[in-house]
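Here is how the chains run, residue by residue.
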Amino acid sequence: MPKPTLTARERIVAGAADMISRRGLNATSIREMAKHARAPLGSTYHYFPEGKQQLATEAVRYTGTWTTRSLHKALEAGPVAGLRGFLALWRKIVVDSDFRAGCPVLAVSIEEPATDETPAALAAAADVFTEWESLLAASLREHGAEREQAAQLATLIVAAVEGTVAMCRAKRSTQPLDDTAEQLQALILATIKD
């Protein structure tokens, strides 16, 4: 089945997410994001009149949405399947990019903001992480985990996967993903009742 054609705006947002996942936010200009998306700079400013922060915020939300959709689908088969699906998604990104791309949500989260204010992109990243944790925690609770333990394990899963993606990039290996998968799966199985 053919993939739906992205609109110009969606192409710019997807391109920005990819650039941020590779180079980080501070090292990427709006001009580079437009070029990477094969979009004219003028149309980029047309769609994102507030500039780089607005585009970065949309890129984080875009990543959050498609990752949430994938995670939600994988969790239909339970928390272990959800974990496997979450890890498979990031494995594909890391491997397909030859260890050059990671998670744009993490990239935005770890960079120093230009001002003392919380940038919209950082707030969007916090929302995305919370959404992923909520999905995982709900699945764990549905399978018998206690509320507090489910919430803590969900946080651990998101943190471990995000950190593992960074380690894979640094080591140019998927071994950290394999090791993390094994240990997180053991924790899930020890936590759920079914």
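Our structure's up above, just so we're on the same page.
Attention in this report is confined to the structure presented alongside it. (Residues numbered from 1 in each chain as written. Predicted model: local features only at pLDDT ≥ 70, side-chain atom pairs only at ≥ 80, totals over all residues. Heavy atoms only, no water.)

**Quick look at the packing of helix α4 (residues 52-75) against helix α7 (residues 120-142)**
Any two packed helices are characterised by the angle at which their axes cross and by the distance between the axes. Closest axis-to-axis distance for the α4/α7 pair is 8 Å, and the angle between their directions is 5°. In terms of their interaxial angle, α4 and α7 are classed as roughly parallel. Taken together, the residues of α7 that come into contact with α4 (itself represented by Gln53, Ala56, Thr57, Val60, Arg61, Thr63, Gly64, Thr67, Thr68, Leu71, His72 and Leu75) are Ala120, Ala121, Ala124, Ala125, Val128, Glu131, Trp132, Leu135, Leu136 and Ser139. Taken together, the residues of the contact of α4 with α7 break down into 12 nonpolar, eight polar and two charged. (Axes fitted to C-alpha atoms, helices over the stretch in contact; angles between N-to-C directions. Helix = DSSP H or I, 4+ residues; strand = E, 2+ residues; numbered from the N terminus. Parallel < 35°, antiparallel > 145°, perpendicular 65-115°, else oblique. Contact = heavy atoms within 4.5 Å. Nonpolar A, V, L, I, M, F, W, Y, C, P; charged D, E, K, R; others polar.)

**Side note on the environment of Glu182**
Within the secondary structure, Glu182 is located in helix α9 (residues 175-191). Sequence separation between Glu182 and Arg84 is 98 residues, and the spatial gap between their C-alpha atoms is 9.8 Å.

**Looking at the environment of Gln185**
Mapped onto the secondary structure, Gln185 falls in helix α9. For Gln185, a relative accessible area of 23% puts it in the partly exposed group. (Buried < 20%, exposed > 50% of the residue type's maximum accessible area, 1.4 Å probe, protein only.)

**Some words on the state of the cysteines**
Throughout the structure, instances matching the rule amount to zero disulfides. We note that Cys103 lacks a disulfide partner, and the nearest cysteine sulfur, in Cys168, lies 13 Å from it. Residue Cys168 is classed as buried on the basis of its relative accessible area of 0%. (Disulfide = S-S within 2.5 Å.)

**Structural notes on the packing of helix α1 (residues 8-23) against α4**
Interaxial distance between α1 and α4 falls to 8 Å at its minimum, and their mutual angle equals 85°. With respect to their mutual orientation, α1 and α4 come out roughly perpendicular. Here Arg9, Ile12, Val13, Ala14, Ala16, Ala17 and Ile20 of α1 come into contact with α4, specifically with Leu55, Ala56, Glu58, Ala59, Tyr62 and Thr63. Looking at the contact of α1 with α4, its residues break down into 10 nonpolar, one polar and two charged.

**Overview of the pattern of salt bridges**
Tallied over the full model, the rule gives eight salt bridges. When the shortest N-O distance is used, the salt bridge between Arg172 and Asp98 registers 3.2 Å. You can see Arg172 sitting in the loop between α8 (147-171) and α9 and its partner Asp98 sitting in the loop between α5 (79-96) and α6 (104-110), a full 74 residues away along the chain. Among the residues examined, Arg172 registers a relative accessible area of 44% and is labelled partly exposed. For Asp98, a relative accessible area of 35% gives the class partly exposed. Beyond isolated ion pairs, a larger network of salt bridges with shared partners links Arg9, Glu58 and Arg61. (Salt bridge = Lys/Arg side-chain N within 4 Å of Asp/Glu carboxyl O.)

**A closer look at α7**
Compared with an ideal rise of 1.5 Å per residue, which puts 23 residues at 33 Å, α7 spans 33 Å between its outermost C-alpha atoms and is within 8% of the ideal. Among the residues of α7, those classed as buried are Ala121, Ala124, Ala125, Val128, Phe129, Trp132, Leu135, Leu136, Ala137, Ser139 and Leu140. Next to the buried residues of α7 lie α4, α5, α6, α8 and α9. Phi turns positive, to about 105°, at Gly144, one or two residues after α7. (Expected span 1.5 Å × (residues − 1).)

**Topic: unusual backbone geometry**
Unlike most non-glycine residues, Arg38 shows phi in positive territory, near 55°. The topology assignment puts Arg38 in the loop between α2 (30-36) and α3 (41-47). In this structure, Asp98 takes a positive phi of about 55° despite not being glycine.

Coordinates in, geometry out; function isn't part of it.
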